[in-house]
Protein chains: 4
Amino acid sequence: MPKPLSPGRLEAFSDGVIAVIITIMVLELEVPARGISNLAAIREELPLLLVYLLSFVQIGIYWVNHHYLTDDLEQVTHGILWSNLALLFSLSLVPWATNWVALRGITPFSIALYSVVCALAAVTWLILSTIICRSTRQPLAGSPVKQVASAALYLGAIPIAHLSPIAALGMIAIVAILWLLPPRKVLERTRNIHPPQPPHSDPR
Amino acid sequence: MPKPLSPGRLEAFSDGVIAVIITIMVLELEVPARGISNLAAIREELPLLLVYLLSFVQIGIYWVNHHYLTDDLEQVTHGILWSNLALLFSLSLVPWATNWVALRGITPFSIALYSVVCALAAVTWLILSTIICRSTRQPLAGSPVKQVASAALYLGAIPIAHLSPIAALGMIAIVAILWLLPPRKVLERTRNIHPPQPPHSDPR
Amino acid sequence: MPKPLSPGRLEAFSDGVIAVIITIMVLELEVPARGISNLAAIREELPLLLVYLLSFVQIGIYWVNHHYLTDDLEQVTHGILWSNLALLFSLSLVPWATNWVALRGITPFSIALYSVVCALAAVTWLILSTIICRSTRQPLAGSPVKQVASAALYLGAIPIAHLSPIAALGMIAIVAILWLLPPRKVLERTRNIHPPQPPHSDPR
Amino acid sequence: MPKPLSPGRLEAFSDGVIAVIITIMVLELEVPARGISNLAAIREELPLLLVYLLSFVQIGIYWVNHHYLTDDLEQVTHGILWSNLALLFSLSLVPWATNWVALRGITPFSIALYSVVCALAAVTWLILSTIICRSTRQPLAGSPVKQVASAALYLGAIPIAHLSPIAALGMIAIVAILWLLPPRKVLERTRNIHPPQPPHSDPR
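Residues numbered from 1 in each chain as written. Chains lettered and ligands numbered in written order. Predicted model: local features only at pLDDT ≥ 70, side-chain atom pairs only at ≥ 80, totals over all residues.

> How should the overall build of chain A be read in this particular structure?
Within chain A, the regular secondary structure consists of seven helices and zero strands. Ordered by position from the N terminus, the helices and strands of chain A form the series α-α-α-α-α-α-α. Expressed as a percentage of the 204 residues in chain A, the buried residues total 47%. Contacts spanning at least 24 positions in sequence make up 79% of the contacts within chain A whose residues lie at least 6 apart. (Helix = DSSP H or I, 4+ residues; strand = E, 2+ residues; numbered from the N terminus. Buried ≥ 20, exposed ≤ 12 C-beta atoms within 10 Å, placed from the backbone. Contact = placed C-beta atoms within 7 Å.)

Below, the structure is given as structure tokens:
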């Protein structure tokens, strides 16, 4: 008797990959050599720590929203499987791009490269999101405006980086802040479920 | 009261190992030192990124098919346990072989070594696959032709690499493309389950 | 039909991240070069091993208590999600701080930095703990005294490190020992559940 | 209403840590620099690969047997929690010891150190195993003879390594082979459950 492929394993695998990605970045944070003074060392590390924080928040956002996206999933099609792997591939480049910025400095080229990786992740997310929503016959999780705006900001950051790397980093940070707010679908859920809470409801 | 060993834990462990393998490869992608120009740096990285992509896709394929393979599993025998670990061991050599290619270049020797690791993974997969199918008394997941053809292509790539490393890489890429298509068993399942969907069926 | 976000996935993701954090630290334990004698090599490694052990125990403590904290959780709110990610971010800095101590020695500055990271983790824990307990309408897991005392000891270790790094490390070790004892809530649970064990109880 | 701590999360966390340990070892397998010839490079790598294989098999054995050990577990006590963490700590030193052997060669000192780490793992396993079996009121999983013999062989390998490192490695390999055979308890289970298979039994 054939059974449908389980979304649970897709979620667990994605969580595993994202958990590894989000934590290996710290391995790249190199400790300055013994020769350098403590003050110089911490001054060298601080921008790295901030870029690391930005990457951590971005990966965190993808995890949170992946969570919302696959929540209603009932069957994993071949298209979902592979567009999910494409997203994970893009995300796995984030530690590498973060490392590039950390080792070669906040230059126009480094930030353009970092923006390319962010844009790639946003585009693969849009593809996965569209395929899943078509399969569950539900509207896009999160507003489609926000999704397209994010991809546009990331893509825009690529040329802007050549004029001002700091401005480009600002655009990427804006996307992060945009997504720190919960998607509307979730807000409604919480509103429906929590405060009124029908007395006969079966938790879990 | 003895209970059978759970296939769930085998799957979860395999997923964990594969998730780590697929993401640690990026750690090997070294960032060029500060001295090199940006153009030279990206030209140096590009072939690495392509080899990394090929390895990522291959590991992804193993994960997807492992998924199909263990789906019908009801009991984990000692043979399944250890042939599964043999597969995971082979797969864990992929980041090392990828790194070898990345650091020592696309030479006849590097690609031959990469092909050896790919062939090793294909052979351990064939063993695991055979043991599982004998235990579930089901035909091989995916066509046996495809499985044997893959192992043959990988083995063939070893001598070919000495004549032309690019041709050998092409053979390995052909295997990847071959497996990107869903196995027939899965197609049938999807066909059986999704479109007609008997009204009395209990999803999940 | 909207369903509440599952605490299970929050736990699984946190476990994944903590599992990676607790094991990647060992990657930082560099093996002394071939030139050095074995005795000199082991003498160089021993303090590193002890700092690694201290970090391992601390991360282990967070995992154990995270376990108790999320046990009664029924719904994951946006606040819980993000304060949990803040905790994971702080914990992911522990391998980096451990590495800093290992590579630059047990100096006042290194230990002050290590204490800052420990204090950051304690503060984010306190925030997560408070948010969760408010959401489950239960008293804080573990005594609030212990939680505040830990944060105070960590914060106190920062200036103390400038006078005596060993004393500061001692203070951090005291916190670890404090938490190795099980929280009272758990003790009561075990007492209630195990010895009397009502015959009609449904295990699992 | 207090609920008992779930063995499921202990298993999942242990699996996660073991999955990371078993795969990060490959990261330590350094690729020889570009200057060395291919033949010299592979000759340099081969002993490393064999030590890596030995470590992989050992970690695999711990995973398999951890699986059998926690199978009957109904409640996770504080003692189990911390002796499990002690085992995971010991296991996390295996990649470091493997790396030590790989980088400093198969010398009396390296193999003695490797044996110390193996012995530490065996002792913590014995402690965890004893605590769990006392809590489930079942006999030790696997024969106690095999467990004590393993610890003895590991401890014996420490002084033997000073006379002949190869002999000490052989003793460690003997332990691995000893454990590759399934524990008797499992054999009986499989025998009871599979071939006769009472028609009324409810699998799963």
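> It is not clear to me how the relation of the copies chain B and chain A should be interpreted in this structure. Could you clarify?
Screw-axis analysis of chain B against chain A gives a translation of 0.0 Å along the axis, an RMSD of 0.0 Å, and a rotation angle of 90°. Overall, the copies show the geometry of a four-fold rotation axis. When the interface residues of chain B are mapped onto chain A, a mere 18% of them again lie at the interface, so each copy presents a different face. (Least-squares fit on C-alpha atoms with pLDDT ≥ 70 in both.)

> Mind showing me how you'd approach the packing of helix 2 (residues 38–69) of chain D against helix 7 (residues 165–180) of chain D here?
Working note: a packed helix pair is described by the angle between its axes plus the distance between those axes. All names here are of chain D. Here helix 2 crosses helix 7 at 35°, and the two axes come no closer than 10 Å. The crossing of helix 2 and helix 7 is left-handed. Seen from helix 2, the contacting residues are Leu54, Val57, Gln58, Ile61 and Asn65; seen from helix 7, they are Ile172, Ala173, Ala176 and Trp179. A class-by-class count of the residues in the contact of helix 2 with helix 7 yields seven nonpolar, two polar and no charged. (Axes fitted to C-alpha atoms, helices over the stretch in contact; angles between N-to-C directions. Left-handed = near helix turned anticlockwise from the far one by under 90°. Nonpolar A, V, L, I, M, F, W, Y, C, P; charged D, E, K, R; others polar.)

> In this structure, what is going on with the nonpolar core? I would like to understand it.
One finds Ala121 of chain A, Ala121 of chain B, Ala121 of chain C together with Ala121 of chain D to be the most contacted residues of the largest nonpolar core, which totals 250 residues. In contact with Ala121 of chain B, not counting residues within four places along its chain, are Tyr62, Leu87, Ser90, Leu91 and Val94 of chain B. (Core = buried A, V, L, I, M, F, W, Y, C linked by C-beta atoms within 7 Å.)

> Is there a simple way to explain the interface of chain B and chain A in this structure?
Accessible area lost upon the coming together of the parts is a frequently used measure of interface size. If you look at the interface, chain B gives 28 residues, while chain A gives 29 residues. Per-element accounting of the side of chain B that touches chain A gives the leading share, eleven residues, to helix 1 (residues 7–28) of chain B. Each residue belonging to the side of chain B that touches chain A can be placed in one class, and the counts come to 15 nonpolar, eight polar and five charged.

> How do you make sense of the interface of chain D and chain C when you look at a structure like this?
Each side of the interface is counted separately: chain D has 28 residues, and chain C has 27 residues. Of all elements in the fold, only helix 1 (7–28), helix 3 (78–92) and helix 4 (94–104) of chain D reach the threshold of two or more residues within the side of chain D that touches chain C. In terms of residues, the side of chain D that touches chain C owes the most to one element, helix 1 of chain D, which gives nine residues.

> Please explain helix 6 (residues 144–163) of chain D as it appears in this structure.
Residues lying three or four places apart along an α-helix face the same way, a consequence of the helix completing one turn every 3.6 residues. Residue and element names in this part refer to chain D. Taking 1.5 Å per residue, 20 residues should reach 28 Å; helix 6 reaches 29 Å between its end C-alpha atoms and fits that length. Remark: the principal bend of helix 6, roughly 35°, maps to Ala157, with a proline, Pro159, within the next four residues. Buried within helix 6 are the following residues: Gln147, Ser150, Leu153, Tyr154, Ala157, Ile160 and Ala161. Each element contacted by the buried residues of helix 6 is listed here: helix 5 (108–136) and helix 7. (Expected span 1.5 Å × (residues − 1). Bend = angle between axes of the 7 residues up to and from the residue.)

> Would you mind going over the relation of the copies chain D and chain C with me for this structure?
Of the transformation placing chain D onto chain C, the axial shift is 0.0 Å and the rotation is 90°, giving an RMSD of 0.0 Å. Here only 18% of the contact residues of chain D are again contact residues in chain C; the copies associate through non-equivalent surfaces.

> Honestly, the packing of helix 5 (residues 144–163) of chain A against helix 6 (residues 165–180) of chain A in this entry has me stumped. Any pointers?
Residue and element names in this part refer to chain A. At a minimum axis separation of 7 Å, helix 5 and helix 6 run at an interaxial angle of 165°. Comparing the axis directions of helix 5 and helix 6 gives the class roughly antiparallel. In the crossing of helix 5 with helix 6, the sense of the turn from one axis to the other is left-handed. Packed against helix 5, whose contacting residues are Lys146, Ser150, Leu153, Tyr154, Gly156, Ala157, Ile160, Ala161 and Leu163, the element helix 6 presents Pro165, Ala167, Ala168, Met171, Ile172, Ile174, Val175 and Leu178 at the interface. Here the contact of helix 5 with helix 6 is composed, by residue class, of 14 nonpolar, two polar and one charged. (Parallel < 35°, antiparallel > 145°, perpendicular 65-115°, else oblique.)

> Please clarify how helix 4 of chain D should be interpreted in this entry.
Counting buried residues in helix 4 of chain D gives nine out of eleven residues, a clear majority hidden from the surface. For helix 4 of chain D, the complete set of buried residues consists of Val94, Pro95, Trp96, Ala97, Thr98, Asn99, Trp100, Val101 and Ala102 of chain D. At its buried positions, helix 4 of chain D is contacted by helix 1 (7–28) of chain C together with helix 1, helix 2, helix 3 and helix 5 of chain D.

> When you look at the environment of Ala122 of chain C in this model, what are you seeing that I'm missing?
All names here are of chain C. With respect to the helices and strands, Ala122 occurs in helix 4 (residues 108–136). The class of Ala122 is buried, set by 24 C-beta atoms lying within 10 Å. The spacing of Ala122 and Ser150 is 28 residues in sequence and 7.1 Å in space, taken between C-alpha atoms.

> It is not clear to me how the environment of Ile80 of chain C should be interpreted in this structure. Could you clarify?
Residue and element names in this part refer to chain C. Residue placement: Ile80 occurs in helix 3 (residues 78–104). Considering only alpha carbons, one finds Ile80 and Ala151, 71 residues apart in sequence, at a separation of 20 Å. Contact partners of Ile80, with chain neighbours within four places excluded, come to Ile131, Ile132 and Ser135.

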